[in-house]
Every structure is written in structure tokens, then in C-alpha cells.
Amino acid sequence: MKEDDTTNEHVQVLIIGSGPAGYTAAIYAARAGLKPVLYTGAEPGGQLTITTDVENYPGYPEGVTGPQMMVEFQKQAERFDTDVRYGVVTDVDFSGWPHEVTIDGKKKMKADAVIISTGASAKWLGLADEIRLNGQGVSACAVCDGFFFKGQDVAVVGAGDTAAEEASYLSKLANKVYMIVRRDEMRASKIMQQRVFNAQNIEILWNTETEGLIGENQVEGVAIVNNKTGEKRVLNATGFFVAIGHKPNTEIFESVLDLDESGYIITTLGTSKTQIEGVFATGDAQDRIYRQAVTAAGSGCMGALDAERFLAQKEVELAEVTQ
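Residues numbered from 1 in each chain as written. Predicted model: local features only at pLDDT ≥ 70, side-chain atom pairs only at ≥ 80, totals over all residues. Heavy atoms only, no water.

Undergrad: It is not clear to me how the overall build of the protein should be interpreted in this structure. Could you clarify?
TA: Along the backbone of the protein there are seven helices and 19 strands. Taken over the C-alpha trace, the protein has a radius of gyration of 22 Å; the compact-globule value for 323 residues is 20 Å, and the two agree within 12%. With the principal axes as the frame, the protein shows a C-alpha extent of 80 × 35 × 35 Å. In the protein, which comprises 323 residues, the proportion classed as buried is 51%. Partitioning the intrachain contacts of the protein with sequence separation of at least 6 by distance along the chain shows that 60% fall at a separation of at least 24. As presented, the protein carries roughly 15900 Å² of accessible surface, and 48% of it is formed by carbon and sulfur atoms. (Helix = DSSP H or I, 4+ residues; strand = E, 2+ residues; numbered from the N terminus. Rg over C-alpha atoms; globule rule 2.2 N^0.38 Å. Buried < 20%, exposed > 50% of the residue type's maximum accessible area, 1.4 Å probe, protein only. Contact = heavy atoms within 4.5 Å. Areas by Shrake-Rupley, 256 points an atom, 1.4 Å probe, with all protein chains shown as cover.)

Undergrad: Please explain the packing of helix 1 (residues 20-31) against helix 2 (residues 66-79) as it appears in this structure.
TA: Any two packed helices are characterised by how steeply their axes cross, that is the angle between the axes, and by the distance between the axes. At their nearest, the axes of helix 1 and helix 2 sit 8 Å apart, and the two run at 20° to each other. Accordingly, the angle class assigned to the pair helix 1 and helix 2 is roughly parallel. When the axes of helix 1 and helix 2 are compared, the crossing they make is left-handed. Contacts from Pro 20, Tyr 23, Thr 24, Ala 26 and Ile 27 in helix 1 reach Met 70, Phe 73, Gln 74, Gln 76 and Ala 77 in helix 2. (Axes fitted to C-alpha atoms, helices over the stretch in contact; angles between N-to-C directions. Parallel < 35°, antiparallel > 145°, perpendicular 65-115°, else oblique. Left-handed = near helix turned anticlockwise from the far one by under 90°.)

Undergrad: Looking at this model, I keep getting lost on the sheet that holds strand 14 (residues 208-214). Mind explaining?
TA: Backbone-to-backbone hydrogen bonds pair the strands of a sheet. The strands run either parallel or antiparallel. On the basis of which strands lie adjacent, the open sheet formed by three strands has the order 14-15-16 and antiparallel pairing. Looking at which strands have only one partner, the edges of the open sheet turn out to be strand 14 and strand 16 (232-235). The sheet shows a mean angle of 30° between the axes of neighbouring strands, direction not considered. Where strand 14 lies against strand 15 (residues 221-226), six bridges are found, and the strand directions are antiparallel. (Pairing = 2+ DSSP bridges.)

Undergrad: Help me out: how do you make sense of unusual backbone geometry in this one?
TA: Glycine aside, residues mostly have negative phi, and peptide bonds are mostly found in the trans state. Residue Pro 98 follows Trp 97 across a cis peptide bond; omega there is 5°. With a phi close to 50°, Asn 207 is a non-glycine residue in the positive phi region. In this structure, Asn 207 sits in the loop between strand 13 (202-205) and strand 14.

Undergrad: What's the story with the pattern of salt bridges in this structure? I'm lost.
TA: Any two side chains of opposite charge can pair if their charged atoms end up close together. Throughout the structure, instances matching the rule amount to nine salt bridges. As a salt-bridge pair, Lys 232 and Glu 211 come within 3.5 Å of each other at their nearest N and O atoms. Here Glu 211 lies in strand 14 and Lys 232 lies in strand 16, a separation of 21 residues in the sequence. The class of Glu 211 is partly exposed, set by a relative accessible area of 41%. Between Glu 277 and Lys 314 there is a salt bridge whose closest N-O contact spans 4.0 Å. Of this pair, Glu 277 sits in the loop between strand 18 (246-248) and strand 19 (279-281) while Lys 314 sits in helix 7 (residues 293-322); the two residues are 37 residues apart in sequence, bridging distant segments of the chain. Among the charged side chains, a network of salt bridges with common partners joins Glu 9, Asp 83 and Arg 85. (Salt bridge = Lys/Arg side-chain N within 4 Å of Asp/Glu carboxyl O.)

Undergrad: What is the right way to read the sheet that holds strand 17 (residues 239-242) from this model?
TA: Across the sheet, which stays open at both edges, the five strands sit in the order 10-17-11-12-13 with parallel pairing between neighbours. Every interior strand has two partners, whereas the edge strands, strand 10 (138-139) and strand 13, have only one. Here strand 11 (residues 153-157) runs beside strand 12 (residues 176-180); their pairing, made up of five bridges, is parallel. Within strand 12, the position partnered with Val 157 by the bridge is Ile 180.

Undergrad: Where do I start with the pairing of strand 11 in this structure?
TA: The side chains of a regular strand alternate between both faces of the sheet. Most of strand 11 sits inside the fold, with five of its five residues counted as buried. Here strand 11 shows no split at all, with Asp 153, Ala 155 and Val 157 on one side and Val 154 and Val 156 on the other all buried. In terms of strand pairing, strand 11 meets strand 17 through four bridges, oriented parallel. For Val 157, the partnering residue across the bridge sits in strand 17 and is Val 242.

Undergrad: What is the right way to look at the environment of Val 242 in this model?
TA: Residue placement: Val 242 occurs in strand 17. Considering only alpha carbons, one finds Val 242 and Val 156, 86 residues apart in sequence, at a separation of 5.9 Å. Other than its neighbours up to four places away in sequence, Val 242 contacts Lys 123, Trp 124, Leu 125, Glu 130, Ser 139, Ala 140 and Val 157.

Undergrad: Hey, could you run me through the nonpolar core in this one?
TA: Where a protein is soluble and globular, its nonpolar side chains tend to be buried together. Val 13, Ile 15, Tyr 23, Tyr 57, Met 69, Ala 113 and Ile 115 are the most contacted members of the largest nonpolar core, which totals 27 residues. Put simply, the parts of the chain that give this core at least two residues each are strand 1 (9-16), helix 1, helix 2, strand 8 (107-116) and helix 7. No other element matches helix 7, which puts six residues into this core. By size, the runner-up hydrophobic cluster in this structure holds 22 residues, among which are Ala 164, Ala 188, Met 192 and Val 196. (Core = buried A, V, L, I, M, F, W, Y, C linked by side-chain atoms within 4.5 Å.)

So far we have only geometry, and geometry alone does not tell us how the molecule works.
Put into C-alpha cells, the structure is as follows:
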């Protein structure tokens, strides 16, 4: 990985972000001869770097840790001469072409095509135990980690569609699912609530909040309190799933690109194209539904192919102008 000491540099393809989407985009762009430059962002490797075991990504029959997977993604991208650099894109100017970006608040670059792969971050409750036991029973993705809790008791925090979906999914794997709801009602849609109510092994704990997690190196229990009565108890749960939503890492694009009400970048259906020519969005920065490593990688491929086609068309247009 190279340290960036350049200013006023002009590249064909700039990739912002280094999760599965960013690295896959880099692999495809590099193999197409586009000499991509990838900036890792503040969290190189993205959310997978805080994930212990990954068993649902094709090609890893024995499973793999999230950090190791991201190391291998990076090595593959660099094998085809992707220029991977430490740095954070702090500002963008897509008002003209080529597009302009600022790195670390000072270094200016121009890019003919920009692929955004900044991902999304799970929202947490703010408990110290969440950080301490993250990946050791604490998760923000039931689809990713639910398998590890087959036949066990688990707890899900949240009251929206995400929480209801996570609880319903876990109910098919776990022995029992406690759903911790802060108020006396859920915010989830009626159909999602009905799925929760119909599951025999889901117990909803109304007016309840989490005080902390029990266990030194692994979740062994969840300490809760009823915010109406003050009654405290410990759930004998070995899994703790926080399902209060995700926040896409798209703040710097707020006044530049079309975002939905939650901050996800809006792309043309079936493509990675944003409303600005030559700017493409991939992975969890634009995917509010699936949020899986494999779907992020797939959209990274789409971003690179869309960028390649855009640049080829641009080359034709420029050639016609000069004739």
C-alpha cells in the first residue's frame, strides 16, 4: 500500500472505500486497464474487519475471518496493480468533468470516473460491552451470524422492521428469541409485527432497555431493566443482536448526490449509476436492503463495468469533437 504524496493528480478511476464493493470494483477496473486508485477511508476493509467468522461467502468452504478476507481482497486488487492508498476523501466537487475530490482536507485530485464504496455502519446502543464483546456474541447482522447460535437463546434489540426481520430469522435457528423493545409498542410494519407475534419462540419484552452484557470473553447473559417498573433481570442469552438500523457513510455527498430519506445514495435501477455522469455508487452506501458482503462485491463489479463503459463512450465523444 502506497502513501499518497501527490497533489493535482489526474486518474481514470478513483474508488472511495475499501470493503468488498471497493476492492471488487478495483479488481475489475484494474483488469480492464483503467489503473484505478483506491482510498481506503478511515476504516480500511470496512465492517468486515470487526467480523470474526464469515461462513456464507462463496469460495471459503471452511469459513474465514472478516479481517483475513479483506487482506485477501486487497492482495488480489494489488496483484492487478490497483494503487491502494491510506487516506480519507473529505470533499467532492462533481459539478464539472473531470470530477474533483479532496483527500484528507488538503490533497486535490481529478478523476474521469468515481466509484463510491463507502459502506454503511451499524447503529449501536452506546454500551461499553458492545465494543468489548463485538464478534464474541454481539452482532448487528442476524443473516451473517445467526447460524452460530443454533439451538441457543438470543436477544434482539429494536422495534422497527429491521428488528422484526432479525427476530423472525433467528426464530428459525435459535431455541428462544427475546425481543427487547424500549416502548409499549413496535414501529415495525403490521405484517412484520404479525410474523413476530406468530413465532412461538419469540418473547417480546415491552418497556425494556439493556443495561449491559454479562461475560468476560463471550456473551453469557443480557442485563435488562423495565423502564416502567424498574424491575431488573438477566436473560440467559448467548447472542445479542442490535437491530436499530444502519447509517450509510454518505455525509460528504449530501449536497451533491440524490440520497433517500435514510441517506443511501439513489442509483438508476439495475445499475450503479447516480444522477451525475461518471459517478457510480456501490455496496452498502446504496443498498439498504441486503447489506451482505457478497451483494456488495457484486455491486462493486457493476460499478467497475459501468465506469468502463462510461469511459469508453466518453473517449468516443471526445474523438468526435476533435475530428
